[in-house]
Amino acid sequence: EAAVTQSPRNKVTVTGGNVTLSCRQTNSHNYMYWYRQDTGHGLRLIHYSYGAGNLQIGDVPDGYKATRTTQEDFFLLLELASPSQTSLYFCASSGAEQFFGPGTRLTVL
Amino acid sequence: KTQVEQSPQSLVVRQGENCVLQCNYSVTPDNHLRWFKQDTGKGLVSLTVLVDQKDKTSNGRYSATLDKDAKHSTLHITATLLDDTATYICVVGDRGSALGRLHFGAGTQLIVIP
C-alpha cells in the first residue's frame, strides 16, 4: 500500500534552534511536497521536489530549506527556528493523486 | 487571496442527522476537486474526487457534487456517526497530474454529538 511516513511526530525546540523534519515515501513517486497547516488557513506549500537532487520553491519558503536526497527521502530544514514556524507540517508524495503523511507538530518556544 | 472558501467554518450536529458542507473556489483551471477528512492532528484521507463539469460521486454515507460553471461543490454526510467528527477539507487541483498545484480550503470542522 502507498505510504508516506514522517519523523519525528512531535518536536519542541527553542527560538534559534536547528530542526530537521524527515519524510519517506514508498510510492515510487517522483514528486514530494512539504506543507504547513495553521488554524484558519488551508495547507500552504513550502517546498517541493520532482526527484532526487531537485528542489522547487513553494508559496511560503522563507525560513525553510529542503533537500531531496533520494527518490524516497525529503527533508525540511529550519536552521534558525522562530515562533512563527510553530505549525503542523505535512509531507506528501504525488503521482496522479497526492498522498499525505501523518504530520509533524513543531513547537518553537 | 484565498482561492478556496469553505462554509460553514464549524458545524455541530447530533448523531444520525445529515449535514451539508460547501466549497466555493476561484481556481482556474479547475481540473478536479477532492474532499479530504482530517481527524484532529492527523493526516488527510481522501473521501472522493470530482472531475467532470457537472459531477456527482458517492462513497458510502458520503456524497458530493461539483458544478464547474458555478465553481461550487458540496459534500453531504448522511446519518452522521460520532466518528465523523473531523475537519473536512476541500482541495482544487489545477491539473490532472503531479505537475499541477493543489489549492486548499481552510476546512469545515464538524462535531457530531450524541
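To be clear, the structure that these remarks concern was listed above.
What you see is a predicted model, and the numbers here were worked out from it, not measured in a lab.

Enquirer: Looking at this structure, how should I read the state of the cysteines?
Expert: Put plainly, two cysteines are in a disulfide when a covalent bond ties their sulfur atoms together. Residue and element names in this part refer to chain B. Tallied over the full model, the rule gives 2 disulfides over all chains. Here Cys-23 connects covalently by a disulfide to Cys-90, the sulfurs 2.0 Å from one another. Its S-S torsion of approximately -70° makes the covalent link between Cys-23 and Cys-90 left-handed. Of this pair, Cys-23 sits in strand E3 (residues 19-25) while Cys-90 sits in strand E9 (residues 86-93), placing them 67 residues apart in sequence. For the pair Cys-23 and Cys-90, a shared accessibility class is recorded, and that class is buried. Note on Cys-19: no disulfide assigned, nearest cysteine sulfur contributed by Cys-90 at a separation of 15 Å.

Enquirer: Please explain the pattern of salt bridges as it appears in this structure.
Expert: Enumeration according to the criterion identifies 10 salt bridges over all chains in this entry. The salt bridge partner of Arg24(A) is Asp73(A), with a shortest N-O separation of 2.8 Å. A residue pair is termed long-range when its members are at least 10 positions apart, and Arg24(A) in strand E3 (residues 19-25) and Asp73(A) in strand E8 (residues 73-78) qualify at 49 residues. Residue Arg24(A) is classed as partly exposed on the basis of its relative accessible area of 43%. On the basis of relative accessibility, which here comes to 11%, the residue Asp73(A) falls in the buried class. For Asp84(B), the salt bridge is made with Arg61(B), and the minimal N-O distance between the two is 2.8 Å. Here Arg61(B) lies in the loop between strand E6 (54-59) and strand E7 (62-67) and Asp84(B) lies in the loop between strand E8 (72-77) and E9, a separation of 23 residues in the sequence. Residue classification places Arg61(B) among the partly exposed positions, given a relative accessible area of 27%.

Rules of the game
- Residues numbered from 1 in each chain as written.
- Chains lettered and ligands numbered in written order.
- Predicted model: local features only at pLDDT ≥ 70, side-chain atom pairs only at ≥ 80, totals over all residues.
- Heavy atoms only, no water.
- Disulfide = S-S within 2.5 Å.
- Helix = DSSP H or I, 4+ residues; strand = E, 2+ residues; numbered from the N terminus.
- Buried < 20%, exposed > 50% of the residue type's maximum accessible area, 1.4 Å probe, protein only.
- Salt bridge = Lys/Arg side-chain N within 4 Å of Asp/Glu carboxyl O.

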